[in-house]
Amino acid sequence: MSSRIDNNKIILFGLSNQVSLAKLVAKSLKIDLTEIEKTVFADKEILVRSSKTVRNKKVYIICSINSHDALMELLLFVDSLKRASASSIMVISTYLGYSRQDRKASQREPIGAKLIARLLEISGVNKLITFDLHNPSIQGFYDIPVDDLRWVYPLTHSLIKEEKKMKFTIVSPDHGGAVRARKFAELITKDIDIAIVDKRRTGPNKSEIVGLLGDVKNKNCIIIDDIIDTGGTIVKAAEYLKKIGAKQIYLAATHGLFSKGFEIFDESNAIDKVLISDSIPNVDRINSKKIEIISLQKMISAAIDIDFNSKSMSDLYSFKKLN
Ligand code: R5P
């Protein structure tokens, strides 16, 4: 990707949990990655500061809000930048934790996604870029610009050749993901079939499958979801599809939390491949041969280039940007 960014006017940071991804972005944009000085005190409180001045600079921070520590580090760091006179602070959070708490599903529950929005805004974030929000309406929880970018673009880009040989049916593992599955299918090719698993939630991280809308018999399938957490939802869907006659089954999800490890995928004969992004900084501990990572790096680099040069984010949705 060709970049026209003046290294003297931009400051790029990677918070501790996404520093490797930030290094790749800096390299691709041919700009420096500025170091963050971090002190951890005896009581585990932290102090973070930029290693160089940010006065009147456009600042971009790459991070992933996938833990409480990461959230606190981000809030403190943004506060430091605001007080150090950065001209603007854009946060690129590859994953926005608490997005599944987007409403009061029952009495006395918090709305975590709204609270995160308030915390980020109060700290001083001016713009937010994130990927595949669990619910796109979360953009409205913010009074600053939010771009909810789509990993399906790099995903589709990497699958197009394979699709020509294999001909996939796109499957949503639940009703909530039907629009996501439809959009993904349309991106691959206009006449691709979709199917929807009829899933019922039976408790936190628990569900059962009661049927399928569509047909997968003798078809290769890609089951697409936003999040793999324990893996329960998507693995159950894969096993159900296999039982009713699907051929090869790929799983695809932007955010691979893998909170119960990878064995569940390795042990299932229904699953051929698991495609995820690097939105969660756990890539180093992935030890499953079935898992393939399709990086967000090119999209993030392109988004920074677009924002810095005041172009349109819709330019991002062109496969040319991903080459
Ligand atoms: C739920 O609505 C989400 O889209 C995911 O399907 C869910 O978070 C996956 O969780 P798990 O992997 O624990 O089943």
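Look up a bit, the structure's there.
None of the values given here were measured: they were computed from a predicted structure.

(A) Local environment of the nonpolar core. Of all hydrophobic cores here, the largest spans 46 residues; its most connected members are Ile62, Leu155, Ile170, Phe184, Ile300 and Ile304. When residues in this core are grouped by element, the largest group, 7 residues, is from helix H8 (residues 297-308). Lining this core are residues from two domains, each supplying at least three of them: domain 1 (10-150 + 297-322) and domain 2 (152-293). Those residues in contact with Ile304 that sit more than four places away from it in its chain are Ile5, Ile10, Leu12, Val25, Leu29, Tyr60, Ile62 and Ile92. Within the second largest apolar cluster, 32 residues are counted, among which are Phe13, Val48, Ile89 and Ile144.

(B) Seen up close, the sheet that holds strand S10 (residues 206-213). Spatial strand order, S10-S9-S8-S11-S12-S13-S14: 7 strands in an open sheet with mixed pairing. Sheet topology places S10 and strand S14 (291-293) at the edges, where each strand pairs with a single neighbour. Neighbour to neighbour, the strand axes of the sheet diverge by 25 degrees on average, direction disregarded. Where strand S12 (residues 249-256) and strand S13 (residues 273-276) come together, 4 bridges link them in parallel fashion. For Leu251, the partnering residue across the bridge sits in S13 and is Val274. Sheet strands in contact with helix H6 (residues 232-243) are strand S8 (168-172), strand S9 (194-203), S10, strand S11 (220-228) and S12, and its direction is about 35 degrees off that of S10.

(C) Inspection of the pairing of strand S2 (residues 36-40) at higher detail. Two strands pair when backbone bridges link them, and S2 and strand S3 (residues 46-50) are joined in this way by 5 bridges, in the antiparallel orientation. Its bridge partner lying in S3, Val40 is registered against Ile46. Here S2 folds back onto S3 in antiparallel fashion, the turn holding 5 residues, of which Lys44 has a positive phi close to 80 degrees.

(D) Highlighting the side chain of Glu73. Following the sequence through the fold, Glu73 ends up in helix H2 (residues 68-83). Apart from residues lying up to four places away in sequence, Glu73 is in contact with Leu15, Ser16, Lys38, Ile46 and Val48.

(E) Focus on the packing of H2 against helix H3 (residues 112-123). Direction vectors running N to C along H2 and H3 enclose 30 degrees, while the axes themselves pass 8 Å from each other. Here H3 runs roughly parallel to H2, going by the angle between their axes. The residues of H3 that touch H2, namely those facing Leu71, Leu74, Leu75, Val78, Asp79 and Lys82, are Ile116, Leu119, Leu120, Ile122 and Ser123. When its residues are assigned to classes, the contact of H2 with H3 shows 8 nonpolar, 1 polar and 2 charged.

(F) Focus on the site of the ligand. All residues in the neighbourhood of the ligand are listed as Arg100, His134, Asn205, Asp225, Asp226, Ile227, Ile228, Asp229, Thr230, Gly231, Gly232 and Thr233. One nitrogen or oxygen atom from the side chain of Arg100 is found 2.8 Å from an oxygen atom belonging to the ligand. Interatomic distance of 2.6 Å between a side-chain N/O atom of Thr230 and an oxygen atom of the ligand. Of all the secondary-structure elements, those providing two or more residues to the shell around the ligand are S11 and H6.

(G) The arrangement of the side chain of His255 in detail. Structurally, the position occupied by His255 is in strand S12. Judged by its relative accessible area of 2%, His255 is buried. A polar side-chain atom of His255 sits 2.9 Å from the main-chain carbonyl oxygen of Phe131. If we skip the residues at most four places from it in the chain, His255 touches Thr94, Tyr95, Phe131, Asp132, Asp226, Ile227, Ile228, Ser279 and Ile280.

Definitions and cut-offs
- Residues take numbers from 1 onward in each chain, read along the sequence in its written order.
- The predicted nature of this model means local features are confined to residues of pLDDT at least 70 and side-chain atom pairs, given and counted, to a pLDDT of 80 or more, with totals for whole chains, interfaces and linings taken over all residues.
- Hydrogens and waters are ignored; side-chain quantities use all the structure's heavy atoms.
- For our purposes a nonpolar core is just a set of buried Ala, Val, Leu, Ile, Met, Phe, Trp, Tyr and Cys residues, chained together by side-chain atoms within 4.5 Å.
- Here's how the labels work: a residue is buried when its accessible area is under 20% of the maximum for its type, exposed when over 50%, partly exposed in between, all with a 1.4 Å probe on protein chains only.
- Starting at the N terminus, helices and strands are each numbered in turn, a helix being any DSSP run of H or I of at least four residues and a strand any DSSP run of E of at least two.
- Reported domain spans reflect what an automatic or database domain assignment gives.
- Whether two residues are in contact is decided by their heavy atoms: any pair within 4.5 Å suffices.
- Two strands pair if DSSP finds at least two bridges between them.
- Axis definition: a line fitted to C-alpha atoms, over the contacting stretch in the case of helices. Angles run 0 to 180 degrees between N-to-C directions.
- Reported orientations rely on four angle classes, namely roughly parallel under 35 degrees, roughly antiparallel over 145, roughly perpendicular from 65 to 115, and oblique for the rest.
- Side-chain classes follow a simple rule in which Ala, Val, Leu, Ile, Met, Phe, Trp, Tyr, Cys and Pro form the nonpolar group, Asp, Glu, Lys and Arg form the charged group, and the remainder, Gly included, forms the polar group.
- In this text, near means that some heavy atom of the residue lies within 4 Å of the molecule or strand in question.
- What qualifies as a polar contact is a pair of N or O atoms within 3.5 Å, subject to a donor-acceptor requirement within protein and to the restriction that residues adjacent in sequence count only when both atoms come from side chains.

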